[in-house]
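Now for the letters of each chain:
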Amino acid sequence: GRGAVRLGPAAHGPPGGKETHAGFAAGGSPLLGLGLVVRRERSVSASGRAWGAEAARDWKRADAHQRARALSLPALAVEEVDALEPAMVEFPPACGQENAVVFMRNENRIPFPYASGEDFLARAKRGAYTVARSVDSCSVFEFEDHVARLATSCRLMIEQDRGRETPDDSPIPRESHVEITDAAILGPRLVGSIAEAMKTFNSYAGERGGGQEMKVTLLVTWDANSSSSDVFTLVTPLGDRPDMPVKVRVDGKPRSNASAKDSRWVSERQVLEEKKPGDCDEVILMDDDGRLPEGSQTNFFAVSADGTVHTAGDGILEGTVRKMILDVCKRESIPVHFVPPNISSVDTWQGAFISSTSRLLLPIAEIEYTDSKSSQSRSRVFPKQCELINRLEKLVLSEYRSLSTRMWSP
């Protein structure tokens, strides 16, 4: 099951000090002004511990649709909101643990009623999303590219939905959502939300030594029948980057409308994640002709026998780390062929690698796939690391800090 939702008290007192209880902000949607950092517990007894009476009373009084919007739950899931039973857990959360989160709606902290970041994107209201990484706990890598990606994804998704409209739909003109389709307007709005979330997370991490890097998930949602929109920011521990080459598996078809980072894809790829063997780090997508355009969460590259880097040039989501890698290749005069690698030539490759926000550049040690002719499972193992990939990895690791934008000053 999804487990019980447990909410923690507001961050109004010093860490480790006397617990305080928070009520709802006067006016507006319930939860909007509730300063909470929370985590989901599979089994936590609420006996002897409860929200403040005022907060519990306001939660029950709130309309389910208001609660759903405040928590970014889709309208069809409002009955689930009614089932949420406010309770509280240890505060502040142990930020060294995977389930520590700071969740924001615009610039206000709110409860986090999801099992994880993946669960958030899969179950929340559909929108455009991106996942960034912090640098030195106060900056965001390639922030401007993330802003541009979100604005473009919002525009593409709105246009795509307009093409699917039915007589019952009530679409609104694109210009009514200029606040999320124009990067120049969206950018400052994101900075405000990210900065507050990062400062809050860092203050708790500081009690435990600090310096912990963060995974920053951004989801932009909008109302199809009005000009309203929301920015949801989720900050969690980034986790450790694998220090060894990884194993990947070829499975699944490329996504539709890959240029837009649509949160619906998170739900679609869950089937692939569930099928993925435990020793595999990523799933590489393959079309009917054997081309490998990208991974389910990464960009994919192969190095041919002549030292050329092969990667898809279009029909993919162009990640920020991918852009950095291509810039390095251009500067270092490393040839790049913008055609997806084909599984039929895998035995001739010097090596392969993936890239993403959390992994940066990560060499591949083994590719597991199914032979299209024999339907037999096969594996291509790279017994020694490719010198070109090692060189690219070192360059990326040495330069990514210079491509970061400061969100706040410690």
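Basis of the calculations
- Residues numbered from 1 in each chain as written.
- Predicted model: local features only at pLDDT ≥ 70, side-chain atom pairs only at ≥ 80, totals over all residues.
- Heavy atoms only, no water.
- Helix = DSSP H or I, 4+ residues; strand = E, 2+ residues; numbered from the N terminus.
- Buried < 20%, exposed > 50% of the residue type's maximum accessible area, 1.4 Å probe, protein only.
- Contact = heavy atoms within 4.5 Å.
- Phe/Tyr/Trp six-rings, centres within 6.5 Å; stacked < 30°, edge-to-face > 60°.
- Expected span 1.5 Å × (residues − 1).
- pLDDT = per-residue confidence, 0-100.
- Salt bridge = Lys/Arg side-chain N within 4 Å of Asp/Glu carboxyl O.
- Axes fitted to C-alpha atoms, helices over the stretch in contact; angles between N-to-C directions.
- Parallel < 35°, antiparallel > 145°, perpendicular 65-115°, else oblique.
- Left-handed = near helix turned anticlockwise from the far one by under 90°.
- Nonpolar A, V, L, I, M, F, W, Y, C, P; charged D, E, K, R; others polar.
- Polar contact = N/O pair within 3.5 Å; in protein donor to acceptor, adjacent residues only side chain to side chain.
- Core = buried A, V, L, I, M, F, W, Y, C linked by side-chain atoms within 4.5 Å.
- Pairing = 2+ DSSP bridges.

Draft legend 1. Region of interest: the overall build of the chain. A tally of regular secondary structure across the chain gives 11 helices and 15 strands. Taking all 410 residues of the chain together, 52% fall into the buried category. Within the chain, counting contacts between residues at least 6 apart in sequence, those at least 24 apart form 75% of the total.

Draft legend 2. Representation of the packing of aromatic side chains within the structure. Here the structure, examined in full by the defined rule, presents 10 aromatic pairs. Ring plane angle 75° and centroid distance 6.2 Å describe the contact between Phe141 and Tyr400, whose orientation is recorded as edge-to-face. On the criterion of sequence distance, the pair formed by Phe141 in strand β4 (residues 139–141) and Tyr400 in the loop between α11 (387–399) and β15 (404–406) is long-range, its members being 259 residues apart. Taking the relative accessible area as the measure of exposure, Phe141 reaches 0% and is therefore buried. Among the aromatic side chains, those forming a connected cluster through ring pairs are Phe103, Phe112, Tyr114, Phe120 and Phe232.

Draft legend 3. Helix α10 (residues 320–331), seen in detail. The end-to-end C-alpha separation of α10 is 17 Å, in line with the 16 Å expected for 12 residues at 1.5 Å each. Of the residues making up α10, those classed as buried are Thr320, Val321, Arg322, Met324, Ile325, Leu326, Val328 and Cys329.

Draft legend 4. Just unusual backbone geometry, in detail. The phi dihedral of Ser333 is positive, around 60°, even though this residue is not glycine. Take Ser333: its relative accessible area is 64%, and that puts it in the exposed class. Non-glycine residue Leu360 carries a positive phi angle of around 55°. Examined against the element boundaries, Leu360 turns out to sit in strand β13 (residues 360–370). Overall, the relative accessible area of 2% leaves Leu360 in the buried class.

Draft legend 5. The confidence of the model for the chain, seen in detail. When pLDDT is averaged across the chain, the result is 74; 67% of the residues are at 70 or more. Across the chain, the element-wise mean pLDDT spans from 48 in helix α1 (residues 53–61) up to 98 in strand β10 (residues 309–310). Taken as a whole, residues 75–79 scores under 50 in pLDDT and shows 3 contacts with residues more than four places along the chain or in a different chain.

Draft legend 6. Broad picture of the pattern of salt bridges. One pass over the full model with this rule turns up 20 salt bridges. A salt bridge links Glu368 to Arg249, with the nearest nitrogen and oxygen atoms 2.5 Å apart. Residue Glu368 is found in strand β13, and its partner Arg249 is found in strand β7 (residues 246–250); the two are separated by 119 residues along the sequence. Here the salt bridges do not stand alone but share partners, grouping Lys247, Arg249, Asp279 and Glu368 into one network.

Draft legend 7. Main features of the packing of α10 against α11. Orientation of α10 relative to α11, taken along the N-to-C sense of each, is 115°, at an axis distance of 10 Å. It follows from the interaxial angle that α10 and α11 lie roughly perpendicular. Here α10 runs over α11; the crossing is right-handed. Counting all contacts with α10, which are made through Met324, Ile325, Val328, Cys329 and Arg331, the residues of α11 involved are Leu392, Leu395, Val396 and Glu399. Taken together, the residues that form the contact of α10 with α11 break down as 7 nonpolar, no polar and 2 charged.

Draft legend 8. Structural detail: the environment of Ser398. Tracing the backbone through its elements, the reader meets Ser398 in helix α11. Taking relative accessible area as the criterion, Ser398 reaches 55% and is therefore assigned exposed. At 2.9 Å, the side chain of Ser398 forms a polar contact with the backbone oxygen of Leu395.

Draft legend 9. The nonpolar core, seen in detail. Within the largest apolar cluster, 30 residues are counted, with the highest numbers of intra-cluster contacts made by Leu190, Ile194 and Met407. Listed by contribution, the elements that provide at least two residues to this core are β1 (102–105), β3 (128–135), α5 (143–163), α7 (183–206), β5 (214–222) and β6 (229–237). What Leu190 contacts, discounting residues up to four positions off in sequence, is Phe143, Val147, Leu150, Leu218 and Val231. Among the nonpolar cores identified, the runner-up in size contains 22 residues, and Met324, Leu388, Leu392 and Val396 belong to it.

Draft legend 10. A look at the pairing of strand β12 (residues 351–356). In terms of burial, β12 is a largely internal element, 6 of the 6 residues being buried. Residue alternation in β12 divides its side chains into two sets, Gly351, Phe353 and Ser355 and Ala352, Ile354 and Ser356, and both sets are buried. In the sheet, strand β9 (residues 299–303) pairs with β12 via 5 bridges, with the strands oriented antiparallel. Paired with Phe300 across the two strands is Ile354, which belongs to β12. The sheet contact formed by β12 and β13 spans 4 bridges and is antiparallel. Looking across to β13, one finds that Ser355 is bridged to Leu361. What sits between the antiparallel neighbours β12 and β13 is a turn of 3 residues.

Draft legend 11. Focus on the sheet that holds strand β2 (residues 108–109). Across the sheet, which stays open at both edges, the 7 strands sit in the order β2-β1-β6-β5-β3-β4-β15 with antiparallel pairing between neighbours. Every interior strand has two partners, whereas the edge strands, β2 and β15, have only one. Inspection of the sheet shows β3 paired to β4 by 2 bridges, in the antiparallel sense. In the strand pairing of β4, Ser134 is matched with Val140.

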